[in-house]
Amino acid sequence: GQQVMQIPQYQHVQEGEDFTTYCNSSTTLSNIQWYKQRPGGHPVFLIQLVKSGEVKKQKRLTFQFGEAKKNSSLHITATQTTDVGTYFCASWDAGGTSYGKLTFGQGTILTVHP
Amino acid sequence: NAGVTQTPKFRVLKTGQSMTLLCAQDMNHEYMYWYRQDPGMGLRLIHYSVGEGTTAKGEVPDGYNVSRLKKQNFLLGLESAAPSQTSVYFCASSYSRAQRSNTGELFFGEGSRLTVL
């Protein structure tokens, strides 16, 4: 099955600073998803990318999928205290015996200091 | 429309006891999942199901069993609980690749916090 490694594990920023988390794989990914989990909450879907080199934006969040489809990034511009939480990347297995399997990265815990 | 509902939300067990976590979804999703979340370990897949009557092992299946007798329900069982199974358990569901819209989104329940003493 696919494995995705996510870095950094922790990130502390001052409010207004930018934040980036990265997701890497040794194999080509069929797609990449991003989720946000607020403290004490459950993961909530943000976006899915499927095309090589794809870039999508949601307000202050920018998501990228690498040209080789082996890495992805989530960038937040000018962080706010509401951005606090854990950000996960995830990827669907392409098929075969792991059809329907969604594997998550370890997550990046973001702390924003006011 | 309740989405994904997990019961119970909290449970304390003694080592060796058994229990079942219930997940119910009302979105007609084909796929259902059980993950566990531990500090620093992210979300690890325990078992999953791609349809009624079918189940498959995830990354950490040992010590757990599952059943998907009805499309809307996915049960996670612990036959003999161990302290290492202390965790927060999340159920999730999604449309199948044939069913779904192009988002592939997983919908998560609120989580079940299990402590094994």
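For the structure itself, look to the data block above.
The following paragraphs examine the structure supplied in this document. The written sequence of each chain sets the order in which its residues are numbered from 1. Think of it this way: whatever chain is written first is A, whatever ligand is written first is 1, and the rest follow in order. Two thresholds apply to this predicted model, a pLDDT of at least 70 for residue-level local features and 80 or more for giving and counting side-chain atom pairs, whereas whole-chain, interface and lining totals are computed over all residues. Values reported for side chains reflect all heavy atoms of the structure, with hydrogen atoms and water molecules removed beforehand.

**Observations regarding the state of the cysteines**
Residue and element names in this part refer to chain A. The test is simple: Cysteine sulfur atoms that pair up within 2.5 Å are treated as a disulfide. Think of it this way: any DSSP run of H or I at least four residues long counts as a helix, any run of E at least two long counts as a strand, and we number them from the N terminus. Relative accessibility thresholds used throughout: buried, under 20% of the residue-type maximum; exposed, over 50%; partly exposed, between the two (1.4 Å probe, protein chains only).
On inspection of all chains with the given rule, the structure shows two disulfides over all chains. Between Cys23 and Cys89 runs a disulfide, and the two sulfur atoms are separated by 1.9 Å. Torsion about the S-S bond of the Cys23 and Cys89 cystine: about 65 degrees, corresponding to right-handed handedness. Separated by 66 residues along the polypeptide, Cys23 in strand E3 (residues 19–24) and Cys89 in strand E9 (residues 85–92) bring together distant segments of the chain. Exposure remark for Cys23: the relative accessible area of 1% places this residue in the buried category.

**A closer look at the interface of chain A and chain B**
Applicable threshold: It only takes one pair of heavy atoms within 4.5 Å for two residues to be counted as in contact. Note: buried area is the sum, over both parts, of the accessible area (probe 1.4 Å) each one loses when the two are combined. In what follows, salt bridge is the name for a side-chain nitrogen of Lys or Arg lying within 4 Å of a carboxyl oxygen of Asp or Glu. Two N or O atoms form a polar contact when they lie within 3.5 Å of each other; inside protein one atom must be a possible hydrogen donor and the other a possible acceptor, and for residues adjacent in sequence the pair counts only when both atoms belong to side chains. We call Asp, Glu, Lys and Arg charged. Ala, Val, Leu, Ile, Met, Phe, Trp, Tyr, Cys and Pro are nonpolar, and the rest, Gly among them, are polar.
On the chain B side, the residues contacting the 23 residues of chain A number 23 residues. Carbon and sulfur atoms make up 53% of the surface buried where chain A meets chain B, a total of about 1,900 Å² over both sides. One can count zero salt bridges joining chain A with chain B. If you look at where chain A meets chain B, you find four residue pairs in polar contact (both at pLDDT 80 or more). Among the elements of the structure, strand E4 (32–37), strand E5 (44–49), E9 and strand E10 (102–104) of chain A are those that each provide at least two residues to the side of chain A that touches chain B. When the residues that make up the side of chain A that touches chain B are grouped by side-chain class, the tally is nine nonpolar, twelve polar and two charged.

**A closer look at unusual backbone geometry**
Following Ile7 of chain A, the chain continues into Pro8 of chain A via a peptide bond in cis, with omega recorded as -5 degrees. Structurally, Pro8 of chain A can be placed in the loop between strand E1 (5–7) and strand E2 (10–14). Cis geometry marks the peptide bond from Thr7 of chain B to Pro8 of chain B, where omega comes out at -5 degrees. On the secondary structure map, Pro8 of chain B appears in the loop between strand E1 (4–7) and strand E2 (10–13). A positive phi angle is found at Lys59 of chain A, which is not glycine, with a value near 55 degrees. Looking at the element boundaries, Lys59 of chain A is found in the loop between strand E6 (55–58) and strand E7 (61–65). You will see that Ala78 of chain A, though not glycine, has its phi angle at about 50 degrees, which is positive.

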